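Listed here are the chains, written in short residue letters.
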Amino acid sequence: MKKFAFIFLSVALAACSSGSSDYDATGMFEATEVIVSAEQNGRLLSFTVEEGDRLQAGSQVGLIDTVQLQLRALQLGATKDVYATQRPDIETQIAATRQELAKAEAEQRRYEALVKDNAANRKMLDDAVSNVRVLRRRLAAQQSSLGKSTSSLNSQMTATEIQRREVIDQLRKCHVVSPIGGTVLEKYAEQGEYATTGKPLFKIADVVDMKLRAYVTAAQLNSIKIGQKVRVYADEGEDKIAKKARLEQLEPMEVAHYYTERYHRAMDALNVETPSIEPYASGHIIEQIEFVKKILAARHP
């Protein structure tokens, strides 16, 4: 966000305790300005904002083409479902091996009882023990293989879901939304144009909640206190900015800023080097008054 000043508005600040001068300080109003840019590439299917419109924070003013992103989101959702159907049912696939193992373990216990009663030879028991070991290893191998397959498919599903959410976020960014409440100062694009990421679409400023920056001299600092009441009023005389604002049904600050921006663009078009310091006349009224007093004093000693 950036600050801007309306340089054609002369504003004075008068302390209630001051009686020696009509003007104790001068300054200018400042407001927060935001340039809203496109966050996705595509054609502007709708763009209803116009210069001078007053927008609420979060209100949608435009839409960038979403067809390809919507199709991509649907494709990723379908891919995730395919991975989900490929996941093996581990318990079902190892059920047969578990049943064989249970039967072999029962046989092992039976032979152990027979050998203990000298009703069977030792080799039959050894064969039963060996068969149990083989089946246990087979069961462990199946569980490991199916587990790895499931883990791999789960990872693919997670990666696909992440991609889908990225596309959904891109779809959200296709909706052009005003980040703050305020008045549209400039419009840079039209409906039907192709927008690219980072392309400015419009400029908006909050001209309701404005701040006054006042300039005082060093000698006045001792008489300034926090919480001190002041009187703020505009410079007297014919106010051409106010007249222009009434004719165009705009805020005076919008008119002043519009012509300031036009002046800067004209200077850029003429390749005029931008000054490092660009003081506002309204910020130096005290100095101007003192200078005029010196001129008058020199002419009328």
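Residues numbered from 1 in each chain as written. Predicted model: local features only at pLDDT ≥ 70, side-chain atom pairs only at ≥ 80, totals over all residues. Heavy atoms only, no water.

## With respect to the packing of helix 3 (residues 95–116) against helix 4 (residues 122–173)
Angle between the axes and distance between the axes: these two values describe a pair of packed helices. With their axes 9 Å apart at the nearest point, helix 3 and helix 4 run at an angle of 160° to one another. Taken together, the axis directions place helix 3 and helix 4 in an arrangement best described as roughly antiparallel. Crossing hand, helix 3 versus helix 4: left-handed. Of the residues in the contact of helix 3 with helix 4, the class split is 11 nonpolar, five polar and eight charged. (Axes fitted to C-alpha atoms, helices over the stretch in contact; angles between N-to-C directions. Helix = DSSP H or I, 4+ residues; strand = E, 2+ residues; numbered from the N terminus. Parallel < 35°, antiparallel > 145°, perpendicular 65-115°, else oblique. Left-handed = near helix turned anticlockwise from the far one by under 90°. Nonpolar A, V, L, I, M, F, W, Y, C, P; charged D, E, K, R; others polar.)

## So, the sheet that holds strand 4 (residues 42–47)
The strand order across the open sheet built from four strands is 7-6-4-9, with neighbouring strands paired in antiparallel fashion. Only two strands of the sheet have a single neighbouring strand rather than two, namely strand 7 (175–177) and strand 9 (194–195). Judged from the two bridges that link them, strand 4 and strand 9 form a sheet pairing that is antiparallel. Bridge pairing in strand 9 places arginine 43 opposite tyrosine 194. (Pairing = 2+ DSSP bridges.)

## Side note on the environment of isoleucine 64
Tracing the backbone through its elements, the reader meets isoleucine 64 in strand 6 (residues 60–64). Owing to a relative accessible area of 0%, isoleucine 64 belongs among the buried residues under this scheme. For the pair isoleucine 64 and glutamine 191, spaced 127 residues apart in the sequence, the C-alpha separation amounts to 9.5 Å. The residues touching isoleucine 64, leaving out its near neighbours within four places in the chain, are Ala38, Gln40, Asn41, Gly42, Arg43, Leu44, Leu45, Cys174, Val176 and Ala195. (Buried < 20%, exposed > 50% of the residue type's maximum accessible area, 1.4 Å probe, protein only. Contact = heavy atoms within 4.5 Å.)

## Focus on the pairing of strand 10 (residues 200–205)
In terms of residue burial, strand 10 counts as a mostly covered element, since five of its six residues are buried. With five bridges joining them, strand 3 (residues 25–37) and strand 10 adopt antiparallel strand pairing. The residue bridging glutamate 33 from the neighbouring strand is alanine 205, located in strand 10. Bridge count for strand 8 (residues 182–187) against strand 10 is four bridges, and the pairing is antiparallel. By the bridge assignment for strand 10, valine 184 is matched with isoleucine 204.

## Considering the side chain of threonine 150
Within the fold, threonine 150 resides in helix 4. Leaving out residues up to four positions away in the same chain, threonine 150 has contacts with Arg87, Pro88 and Ile90.

## Some details on the pattern of salt bridges
A side chain of one charge can pair with a side chain of the opposite charge if their charged atoms are brought near each other. In total, this model carries 17 salt bridges according to the counting rule given. A salt bridge links lysine 173 to aspartate 169; the nearest nitrogen and oxygen atoms lie 3.4 Å apart. Taken as a pair, lysine 173 and aspartate 169 lie in helix 4 at a separation of four residues, close to a single helical turn. Since its relative accessible area comes to 25%, lysine 173 is described here as partly exposed. The class of aspartate 169 is partly exposed, set by a relative accessible area of 30%. The residue arginine 265 makes a salt bridge to glutamate 186 at a minimum N-O spacing of 3.1 Å. Here arginine 265 is found in helix 6 (residues 252–269), whereas its partner glutamate 186 is found in strand 8, with 79 residues between them in sequence. On the basis of relative accessibility, which here comes to 42%, the residue arginine 265 falls in the partly exposed class. With a relative accessible area of 6%, glutamate 186 lands in the buried category. Connected via shared salt-bridge partners are Lys80, Glu161, Arg164 and Arg165. (Salt bridge = Lys/Arg side-chain N within 4 Å of Asp/Glu carboxyl O.)

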